[in-house]
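As a plain string of letters, each chain reads:
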Amino acid sequence: MIILKTEEEVELIRISATLISSTLTEIAKVLKSGMTTLELDKLAAEYIADHGAIPSFLNYEGYPHNICTSVNDVVVHGMPNDKPLRDGDVISVDIGVIKNEFHGDHAYTFIIGETPKDIIDLVRITKECLYEGINYAVSDSYLTNISSAIQRHAEGNGYGVVREYVGHGLGRSMHEAPQVPNYGRRNEGIFMKENLVLAIEPMVNLGTKDIKVSKDGWTVRTADGKPSVHFEHDVCTKPGQALILSNYTSIEIAEKSNHNLNSSYY
Ligand code: MF3
Ligand code: CO
């Protein structure tokens, strides 16, 4: 069942989404090689608690951490661990929170230090894919236009688009209807009305689209071991133009002024 939101509910989701943006900004300020993803998990958990919210991933279907940290060939659902990050690593940090009974779910990919140009391009183009999709998150249009725009930009650049994991509706639950695939044909399926809140989250692989799930039951890796990138925004459908509820501005400012990160893809 698709649940359209009231204006008040959209504003509550915006509060949760922007709390994640601020948490990602705190991470962008301190991230560098030598840190561990468990340190990022702790930082996020403390920041979220200090701001009166709950990390929604913790205990979700038994997930044992506060956030997901997906490094290099890990596509999504990477579990924080005590292995130091290294220069050249590309890391998606995905965070969910609940506040005022409404969820936010939002992710950003960082490059630590110097990394080859083909990986920098993958990061830039995956972020572009997210905005290509968001262009079609408007009322009175087909949801698959979001999907096809993402797929066109990713595959047009020779990348693989993950099929097994998709974006989703967002509200009082982290995963509401409808699903938002990152692939599909235009003008099919669900016709969107105003005030549909969606988490749009392209997962784009440098090589094959195929993935495998590790024995831990969570960690999703590319089948060929090549890198994968993931960006996620929370948006609300409006006539003509989507309202983006999460916000990359402060993350990007922190990323640019952190010289341990590579933001040369702007
Ligand atoms: N951000 C992921 C999603 O959109 C959720 C992470 S799975 C969890 O589906 F178990 F960590 F919660
Ligand atoms: Co999500």
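The following paragraphs examine the structure supplied in this document.

### Some details on the coordination of the cobalt ion (ligand 2)
So, point 1. The protein atoms that coordinate the cobalt ion (ligand 2) are Asp-105 (OD), His-168 (NE2), Glu-201 (OE) and Glu-232 (OE), at distances of 2.0 to 2.2 Å.
So, point 2. Sequence spacing of the donors to the cobalt ion (ligand 2): D-x62-H-x32-E-x30-E. Here Glu-232 lies in the loop between strand S15 (228–230) and strand S16 (233–236) and Asp-105 lies in strand S5 (residues 102–111), a separation of 127 residues in the sequence. Here Asp-105 matches Glu-232 in class, with each residue buried.

### Things to note about the sheet that holds strand S17 (residues 243–244)
So, point 1. Across the sheet, which stays open at both edges, the five strands sit in the order S9-S8-S11-S16-S17 with antiparallel pairing between neighbours. Two strands lie at the open edges of the sheet, namely strand S9 (176–180) and S17, each paired on one side alone.
So, point 2. Sitting on the sheet, helix H3 (residues 117–134) touches strand S11 (197–200), S16 and S17, and the angle it makes with S16 is about 10°.

### Considering the pairing of strand S2 (residues 68–71)
So, point 1. Neither face of S2 is open: one carries Cys-68 and Ser-70, the other Thr-69 and Val-71, and all of them are buried.
So, point 2. Pairing of S2 with strand S4 (residues 90–99) involves four bridges; the strand directions are antiparallel. Residue Thr-69 lies in a different strand from S4, and its bridge partner there is Val-93.

What counts, and where the lines are drawn
- Residues numbered from 1 in each chain as written.
- Chains lettered and ligands numbered in written order.
- Predicted model: local features only at pLDDT ≥ 70, side-chain atom pairs only at ≥ 80, totals over all residues.
- Heavy atoms only, no water.
- Donors = N, O, S within 2.8 Å, 3.2 Å for Na, K, Ca; no water.
- Helix = DSSP H or I, 4+ residues; strand = E, 2+ residues; numbered from the N terminus.
- Buried < 20%, exposed > 50% of the residue type's maximum accessible area, 1.4 Å probe, protein only.
- Pairing = 2+ DSSP bridges.
- Contact = heavy atoms within 4.5 Å.
- Axes fitted to C-alpha atoms, helices over the stretch in contact; angles between N-to-C directions.

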